[in-house]
Amino acid sequence: MTTVGILGGTGPAGRGVAVRLASGGCDVVLGSRDAERAQACAQALVARGIDRITGAANEAAAECDLIVVATPWDSAVATVSALRSQLKGKTVICMVNALAREGREMIPVYPPRGSMAAQVAFALPESVIVGAFHHLPAALMEDLDSGLDADVVIFSDHDAARQRVAELVDATPGLHAVIAGSMSLASAVEAFTAVCISINIRHKAHSYVMLAGLAR
Ligand SMILES: NC(=O)c1ccc[n+]([C@@H]2O[C@H](COP(=O)([O-])OP(=O)(O)OC[C@H]3O[C@@H](n4cnc5c(N)ncnc54)[C@H](OP(=O)(O)O)[C@@H]3O)[C@@H](O)[C@H]2O)c1
């Protein structure tokens, strides 16, 4: 059984991923800077009937088999850098988008290495980085009755790691894995989230990505 630790797991994105992965059979640890906040967050989900979720400090979440980075973009590098030794040799999924709000739009922010996945990879040279979950609306992820039926675009320079994440995604209700390719796609995948959120703001919606023309 895969255990998944989510750094910054108390936010909407982390909770949404946790609910979905737990409903697919993973044991999930919501990580936080504050273990008590994470425990309270996990208990609230368990009280809603979602099993397999516990809360802990980010340091404890980092002990899991597979790690998801779900902090705001401007704290992701500091968060993973502090956990570099625990994350050594592990697959780390980066779902972080660098974005800025401008009026009714989100615009992409390009960090020095072009993408947040690349920033995290540079901070964790002994870990394997996979990008996934960027375009998923957290509200629909957390609600198992939302009818979510989304494609999850996955990229990594490590074939075995992206295959592993794809299998995890395909075992998760409402999600379908689409391996796009290598880390060179990271900035395009992350920047497209600005398009998705801008559409959602303009149309007062929670739209998500479904790619036509692929076998499911
Ligand atoms: N929201 C979405 O629909 C969505 C969808 C796909 C991807 N994403 C991406 O997922 C990430 C998280 O999104 P979110 O909406 O959940 O964000 P968020 O609520 O702003 O932050 C998530 C968690 O990160 C922790 N955090 C906040 N500031 C921090 C800091 N300075 N240092 C370390 N940890 C900090 C907090 O947990 P503690 O206070 O408990 O430590 C917070 O609950 C973002 O990078 C976003 O681009 C979001």
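What comes next concerns the included structure. (Residues numbered from 1 in each chain as written. Predicted model: local features only at pLDDT ≥ 70, side-chain atom pairs only at ≥ 80, totals over all residues.)

**Some details on the overall build of the protein chain**
And step 1. Along its length, the protein chain carries nine helices and 10 strands.
And step 2. Relative to its length of 216 residues, the protein chain is compact, with a C-alpha radius of gyration of 16 Å against a globular reference of 17 Å.
And step 3. Once the C-alpha set of the protein chain is aligned to its principal axes, its extents read approximately 40 × 40 × 35 Å.
And step 4. Put simply, 71% of the contacts in the protein chain that link residues at least 6 apart link residues at least 24 apart. (Helix = DSSP H or I, 4+ residues; strand = E, 2+ residues; numbered from the N terminus. Rg over C-alpha atoms; globule rule 2.2 N^0.38 Å. Contact = placed C-beta atoms within 7 Å.)

**With respect to the site of the ligand**
And step 1. As a structural note, the neighbourhood of the ligand is formed by 24 residues, with Gly8, Gly11, Ser32, Ser75 and Ala138 the closest of them.
And step 2. Residue composition of the shell around the ligand, by class: 11 nonpolar, 10 polar and three charged. (Near = placed C-beta within 6 Å. Nonpolar A, V, L, I, M, F, W, Y, C, P; charged D, E, K, R; others polar.)

**Here's the deal with the sheet that holds strand E5 (residues 91-94)**
And step 1. As summarised here, the arrangement of the eight strands in space is E3-E2-E1-E4-E5-E8-E9-E10, forming an open sheet in which the pairing is mixed. In this open sheet, the two edge strands, each paired with only one partner strand, are strand E3 (53-57) and strand E10 (175-181). Across the sheet, the mean angle from the axis of one strand to that of its neighbour is 30°, orientation sign disregarded.
And step 2. Pairing of E5 with strand E8 (residues 128-131) involves four bridges; the strand directions are parallel. Paired with Cys94 across the bridge in E8 is Gly131.
And step 3. Packing against the sheet, helix H8 (residues 159-170) makes contact with E5, E8, strand E9 (150-156) and E10, and its axis sits at approximately 165° to E9. (Pairing = 2+ DSSP bridges. Axes fitted to C-alpha atoms, helices over the stretch in contact; angles between N-to-C directions.)

**Quick word on the pairing of E8**
And step 1. On E8, burial covers both faces: Val128 and Val130 on one face and Ile129 and Gly131 on the other are all buried.
And step 2. In terms of strand pairing, E8 meets E9 through two bridges, oriented antiparallel. Note that in E9 the partner of Val130 across the bridge is Ser156. (Buried ≥ 20, exposed ≤ 12 C-beta atoms within 10 Å, placed from the backbone.)

**Brief notes about the nonpolar core**
And step 1. Val69, Val80, Val92, Ile93 and Val120 are the most contacted members of the largest nonpolar core, which has 72 residues in total.
And step 2. If we ignore the near neighbours within four places in the chain, the residues touching Ile93 are Leu66, Ile67, Val68, Val69, Val130, Ala132, Phe133 and Val165. (Core = buried A, V, L, I, M, F, W, Y, C linked by C-beta atoms within 7 Å.)

**Quick notes on the pairing of strand E1 (residues 3-7)**
And step 1. Most of E1 sits inside the fold, with four of its five residues counted as buried.
And step 2. Bridging between E1 and strand E2 (residues 27-32) involves four bridges; their strand directions are parallel. Bridge pairing links Val4 to Val28 in E2.
And step 3. Following the chain from E1 across helix H1 (residues 12-23) to the adjacent parallel E2, one finds a crossover that is right-handed.
And step 4. Relative to strand E4 (residues 66-69), E1 runs parallel, the two being bridged by four bridges. Following the sheet pairing, Ile6 is matched in E4 by Val68. (Right-handed = clockwise from strand over helix to strand, strands pointing away.)

**Describing unusual backbone geometry**
Peptide bonds are, in most cases, trans, and in most cases residues other than glycine have a negative phi.
And step 1. Residues other than glycine seldom take positive phi values, yet Arg52 does so here, at roughly 75°.
And step 2. Structurally, the position occupied by Arg52 is in the loop between helix H2 (35-47) and E3.
And step 3. Positive phi is not limited to glycine here, since Phe133 has a value of about 75°.

**Notes on the environment of Glu63**
And step 1. The topology assignment puts Glu63 in the loop between helix H3 (58-61) and E4.
And step 2. C-beta crowding within 10 Å serves as the criterion here: with 16 such atoms nearby, Glu63 is assigned to the partly exposed category.
And step 3. With 107 residues separating them along the chain, Glu63 and Asp170 place their C-alpha atoms 24 Å apart.
And step 4. The residues touching Glu63, leaving out its near neighbours within four places in the chain, are Gly5 and Gln86.

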